[in-house]
Amino acid sequence: MLERASMLSIEHPGVATLIAAPLIFGVWLLYVWQMLVTGFEVPGVLLPAPSVIWSAILAARETLAADFVQTFIKAVIPGFFIGCSAGFVTGLLVDRVPFLQRGLLPLGNLVSALPIVAVAPIMVMWFGFDWQSKAAVVVIMTFFPMLVNTIAGLDALGRMERDLMATYAASYGQTLSMARIPAALPFVFNALKINSTLALIGAIVAEFFGTPIVGMGFRISTEVGRMNISMVWAMIAVAAVAGSASYGLIVLAERRFTFWHASFRKP
């Protein structure tokens, strides 16, 4: 079945097959997981079976939904958009003013190297225990990848295209909007895909250092202390689905706006 799915995706590429192939593989992986855990009688405290995790999801769906809203809707999405937008705009400014590139990039690199466990408590003290502090952590984590990729993308325009725009006597703004930003889109979408996972990880980890009695990170830390491992895996499953869906939506948008790129051309 897996071989047929892979051949289908190669012979008839499209959105449906791109979704079907990983979906079939995921179902097969869950089946193997279920069989191994059941066959070898693995203790649930070490690794619960997928059926047990699914039962935990159904039993605590209201709690999981509230945690999802607190972490993903209130913290991840605002922090993601603010961080990526700020990184993109700053990249445009850095491209226009070379002095900023020499002064800002080293500072941005320093901030990006700070561990989450050091930043999260500070953000909690600054912005409180609610979702605002987690969104601030997400902004910090997503800003620098977008900044670096934007700068690299703006420099990716070929010499021939630059000479063509100069031949047309295009201004800086015209060259930027008509040639350089379109050429930078693959880099921008690469940053968006990276940040889609970083944002969720940052928000969950930040909740370990202070949060109301709701949230995905709070639920994981609490249920681990209670040895309720099936609930922990249920939250992990929700986080995995949310992260994969976010990544998939960005990939679909990338195919829509960068269809001209060599990576999407059919041989």
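If you're wondering where the values come from, they're calculated on a predicted model, not measured in any experiment.

1. Some words on the overall build of the protein
The number of helices and strands found in the protein is eleven helices and zero strands. Order of helices (α) and strands (β) in the protein, N terminus to C terminus: α-α-α-α-α-α-α-α-α-α-α. If one aligns the C-alpha atoms of the protein with their principal axes, the spans along those axes are about 70 × 55 × 25 Å. A burial count over the protein gives 36% of its 267 residues as buried. In the protein, the share of contacts with a sequence separation of at least 24, taken over all contacts with a separation of at least 6, comes to 71%. Within the structure as shown, the protein displays about 15400 Å² of accessible surface, and the carbon and sulfur contribution to it stands at 72%. In the protein, the 16 positive side-chain charges and the 13 negative ones have mean positions that sit 7 Å from each other.

2. Considerations on the layout of surface pockets
As a volume, the largest pocket reaches approximately 1100 Å³. Looking at the largest pocket, it is lined by 28 residues, and the ones nearest its centre are Leu-23, Gly-26, Ala-240, Val-241 and Ser-244. Breaking the lining of the largest pocket down by element, the ones donating at least two residues are α2 (15-39), α3 (50-59) and α11 (229-257). For the lining of the largest pocket, the element with the most residues is α11, which contributes 13 residues. Here the lining of the largest pocket is composed, by residue class, of 24 nonpolar, four polar and no charged.

3. Section: the side chain of Asn-149
Assignment of secondary structure puts Asn-149 in helix α7 (residues 131-154). Relative accessible area serves as the criterion here: at 13%, Asn-149 is assigned to the buried category.

4. A word on the packing of helix α10 (residues 216-225) against α11
Each packed pair of helices is defined by two parameters, the angle between the axes and the distance between the axes. Two numbers describe how α10 lies on α11: the axes approach to 8 Å, and their chain directions differ by 160°. Taken together, the axes of α10 and α11 are roughly antiparallel relative to one another. Once α10 is placed against α11, the crossing between them reads as left-handed. Every residue of α11 that contacts α10 at Met-216, Arg-219, Ile-220, Glu-223 and Val-224 is listed here: Met-231, Val-232, Met-235, Val-238 and Ala-239. Of the residues belonging to the contact of α10 with α11, the class tally is eight nonpolar, no polar and two charged.

5. Brief notes about unusual backbone geometry
Positive phi outside glycine occurs at Glu-41, with the angle close to 50°. With respect to the helices and strands, the residue Glu-41 is situated in the loop between α2 and α3. Positive phi is not limited to glycine here, since Met-227 has a value of about 60°. The topology assignment puts Met-227 in the loop between α10 and α11. For Met-227, a relative accessible area of 52% corresponds to the exposed category.

6. Here we look at the nonpolar core
Residues Leu-64, Leu-192, Leu-200 and Met-216 are the most contacted members of the largest nonpolar core, which totals 29 residues. The residues contacting Leu-200, other than those within four sequence positions of it, are Phe-72, Val-76, Met-216, Ala-239 and Gly-243. The next biggest cluster of nonpolar side chains, apart from the first, holds eight residues, and it includes Ile-116, Val-119, Met-123 and Val-137.

7. Let's talk about the packing of aromatic side chains
What the rule picks out here adds up to five aromatic pairs. Taking 5.1 Å as the distance between ring centres and 10° as the angle between the ring planes, the aromatic pair formed by Phe-68 and Phe-72 counts as stacked. One end of the pair is Phe-68 and the other is Phe-72, both in helix α4 (residues 61-96) and four residues apart, which spans about a single turn. The residue whose ring lies beneath Arg-256 is Phe-257, and the NZ or CZ to ring-centre distance is 5.5 Å.

8. Focus: the side chain of Glu-207
Assignment of secondary structure puts Glu-207 in the loop between α9 (172-206) and α10. An unpaired buried charge is present at Glu-207: no salt bridge exists, and Lys-134, the closest side chain of opposite charge, is 6.1 Å distant. A polar contact of 3.0 Å, which involves the side chain of Glu-207, links it to the backbone nitrogen of Met-216. Once residues within four sequence positions are removed from consideration, Glu-207 is found in contact with Gln-70, Thr-71, Lys-134, Gly-215, Met-216, Gly-217 and Phe-218.

Criteria and cut-off values
Residues numbered from 1 in each chain as written. Predicted model: local features only at pLDDT ≥ 70, side-chain atom pairs only at ≥ 80, totals over all residues. Heavy atoms only, no water. Helix = DSSP H or I, 4+ residues; strand = E, 2+ residues; numbered from the N terminus. Buried < 20%, exposed > 50% of the residue type's maximum accessible area, 1.4 Å probe, protein only. Contact = heavy atoms within 4.5 Å. Areas by Shrake-Rupley, 256 points an atom, 1.4 Å probe, with all protein chains shown as cover. Lys, Arg positive; Asp, Glu negative; His and termini not counted. Charge placed at Lys NZ, Arg CZ, Asp CG, Glu CD. 1 Å grid on protein atoms, 1.4 Å probe; cavity = no way out; pocket = protein on both sides within 12 Å on 5 of 7 lines; lining within 4 Å. Points joined across faces, edges and corners; volume = space filled by probe spheres on them. Nonpolar A, V, L, I, M, F, W, Y, C, P; charged D, E, K, R; others polar. Axes fitted to C-alpha atoms, helices over the stretch in contact; angles between N-to-C directions. Parallel < 35°, antiparallel > 145°, perpendicular 65-115°, else oblique. Left-handed = near helix turned anticlockwise from the far one by under 90°. Core = buried A, V, L, I, M, F, W, Y, C linked by side-chain atoms within 4.5 Å. Phe/Tyr/Trp six-rings, centres within 6.5 Å; stacked < 30°, edge-to-face > 60°. Lys NZ or Arg CZ within 6 Å of the ring centre and 35° of its normal. Salt bridge = Lys/Arg side-chain N within 4 Å of Asp/Glu carboxyl O. Polar contact = N/O pair within 3.5 Å; in protein donor to acceptor, adjacent residues only side chain to side chain.

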